[in-house]
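Each chain is listed here by its residues.
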Amino acid sequence: MEAREIIMEHYMHPVNRKRMDNEEYVQANTRNESCIDNIDLYVKFNNNVIEDITFDGEACAISISSTSIMIKNLIGKTCREALHYIHEFYKMTNEEEYDKSVLGDAYVYEDIVKNGHRKTCANLPLKGLEKAILEHLE
Amino acid sequence: MNREDFPLLKEEIIYFDNGATSLKPKCVIDKMVDYYTNYPANAHRGDYDLSYKVDQEYEEVRELVKDFIHADALEEIVFTSGTTESLNMIVNGFFEPILEEGDEVLITTSEHASNVLPWFRLANKKGIQVNYIPLDSNYYLTIDNLKKTVTKNTKVISIAGVTNVIGDIRPIKDICKFAHENNIFVVVDGAQMVPHMHVDVKDLDVDFLAFSAHKMCGPTGVGVLYGKKELLEHLEPTVLGGGMNEAFDSPQEIYYKELPTRLEAGTRNIAGVIGFGEAIKYLNKIGMDHIHKYELSLRQYLIDKLIPIKHIDIINIESDSGIVTFNVVNVFSQDVAYYLNKYNICVRAGNHCAKILKSSVGVNNTVRVSLYFYNTYEEIDNLIELLSDYGKIVKEMI
């Protein structure tokens, strides 16, 4: 599938789009400075493993699909693996050298983020998850 | 109209984000370059020709602004950095010292952040109440709803003259009449009003009016605080420093200058003010009534073409300004803006800084087209063509 189709598929049918009021989940809000995208992530940790992630909120196609792809790729990963993924993702969106093998199909944003204002959209869910992981590790 | 005056309009670009800021005509840009090139001295500071010229140019703009909004006196015109600063000065410098716990300020849910947050802070600081005048089904503020909401504790009504999402023109004259009969002050956020229509502060009888130069062909970083002289006399300077004091020896002995200088501390945005003056001259030449009429006719043309498009939800079909707010069904507003950007059409997506409006409209984010006199029917045709094709929008939105 070409990048556009993967993004649209995740936008139209995102993974785990549901609010979680369950106490086992920590909630992390992440929003775009341009005051539009607004996503709540719900993360369930089991020691240092991310057992589950869900999300809820309102955002553009890039943010929603990026959230969905991130969730699909990171459920079951350790916090360390997830942080590594997040940092590789940032490298990609900063147009630096990055390890494609870590990101899986998240490479689909490689070109799109060259349009400056779409970069924050793609990074949005990763910023939220990064914050949740760092708080958990503390 | 007047498109040839705007350097940017020679490019292939359609600019529909005039609610955010307007384009600048060449005469305004040239005027500021002239200042920086030929007489870049400070105002009120030097006894030499260059500085004298700066003073003259700067003060001439005060005269232009006074005439533009039909104020009584030059002392009533204070230059600020923009509407936001003006509103903050009004709230913090005038109302904070006189409002007491339990006093009520009425606003609406369609106000811009700059007419909400200063009041919210005052509520937290002094225990005043900030309450909302309910909007009608068109999201309009009606005088009837206002009358029903006012209580004996109401001290201030603080509202936009024209709102930035719905674009309705508020009945300011009637509101002021009713308010003043009940000893209530009226503050008007004129950011979306003054650039688009003839405004007469005496006829409206507003107590305070705030607006920005950059939304009316002027530069960024300049705005106006208008206040009735007898009220401005009591506005405590919120910024102290050079230019605004007459003398000081000790904390007990500080003497401020007269109005309006005492409210203009520090070196002002001289180039901006001078450029603003040129913008006012420019708008006067076209005529504010002419501008308003043309914008309404453009708006009607746009609305008539949008209504038949089934996948477009228009938020404000009825409105008396150049603001049209809508959504494309099942497409996030930012994605619509991004799609249009591919065709060099600039529109705004989001909540337009009116974050509490969602409680009334039930929609968080919208696409906003805001028109100005240099927009054309052909530009609207281009927009409509792109919005008509739902498949194309979905295909090209990422």
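Everything below is about the structure printed above this text.
Anyway, here's the lowdown on the structure attached to this text. Predicted, not measured: the structure shown is a model, and the values here were computed from it.

1. A short note on the environment of N32(A)
And step 1. If you trace the backbone, N32(A) turns up in the loop between strand 1 (25-31) and strand 2 (38-46).
And step 2. Put simply, N32(A) and C60(A) are 28 residues apart on the chain and 11 Å apart in space, counted from C-alpha to C-alpha.

2. Describing the interface of chain B and chain A
And step 1. Contact residues are listed per partner, giving 17 residues for chain B and 16 residues for chain A.
And step 2. With both sides pooled, the region where chain B packs onto chain A buries about 1500 Å², and carbon together with sulfur makes up 55% of that total.
And step 3. Looking only at chain B, the three residues that lose the most surface to chain A are F332(B), Q334(B) and I398(B), adding up to 44% of its buried area.
And step 4. Linking chain B with chain A are 1 salt bridge, by the criterion used here.
And step 5. With a shortest N-O distance of 2.9 Å, D335(B) and R118(A) are connected by a salt bridge.

3. A look at the side chain of E76(B)
All names here are of chain B.
And step 1. Structurally, E76 can be placed in the loop between helix 2 (49-69) and strand 2 (77-80).
And step 2. Engagement of the side chain of E76 in a polar contact is seen with the backbone nitrogen of D72, the distance being 3.0 Å.
And step 3. A distance of 3.0 Å separates the side chain of E76 from the backbone nitrogen of K229, its partner in a polar contact.
And step 4. In contact with E76, not counting residues within four places along its chain, are A71, K202, L225, Y226, G227, K228, K229 and L232.

4. Here we look at the sheet that holds strand 11 (residues 312-314) of chain B
Residue and element names in this part refer to chain B.
And step 1. In spatial order, the strands read 11-12-15-14; together these 4 strands make up an open sheet with antiparallel pairing. Only two strands of the sheet have a single partner each, and these edge strands are strand 11 and strand 14 (348-350). The sheet shows a mean angle of 30° between the axes of neighbouring strands, direction not considered.
And step 2. Strand direction decides the pairing type here: strand 14 and strand 15 (residues 366-370), joined by 3 bridges, are antiparallel. Within the sheet, the bridge partner assigned to G350 lies in strand 15 and is T366.
And step 3. Sitting on the sheet, helix 11 (residues 333-341) is in contact with strand 12 (323-328), strand 14 and strand 15, with an inclination near 160° to strand 14.

Each value, and the rule that gives it
- Residues numbered from 1 in each chain as written.
- Chains lettered and ligands numbered in written order.
- Predicted model: local features only at pLDDT ≥ 70, side-chain atom pairs only at ≥ 80, totals over all residues.
- Heavy atoms only, no water.
- Helix = DSSP H or I, 4+ residues; strand = E, 2+ residues; numbered from the N terminus.
- Contact = heavy atoms within 4.5 Å.
- Buried area = accessible area lost by both parts, 1.4 Å probe.
- Salt bridge = Lys/Arg side-chain N within 4 Å of Asp/Glu carboxyl O.
- Polar contact = N/O pair within 3.5 Å; in protein donor to acceptor, adjacent residues only side chain to side chain.
- Pairing = 2+ DSSP bridges.
- Axes fitted to C-alpha atoms, helices over the stretch in contact; angles between N-to-C directions.

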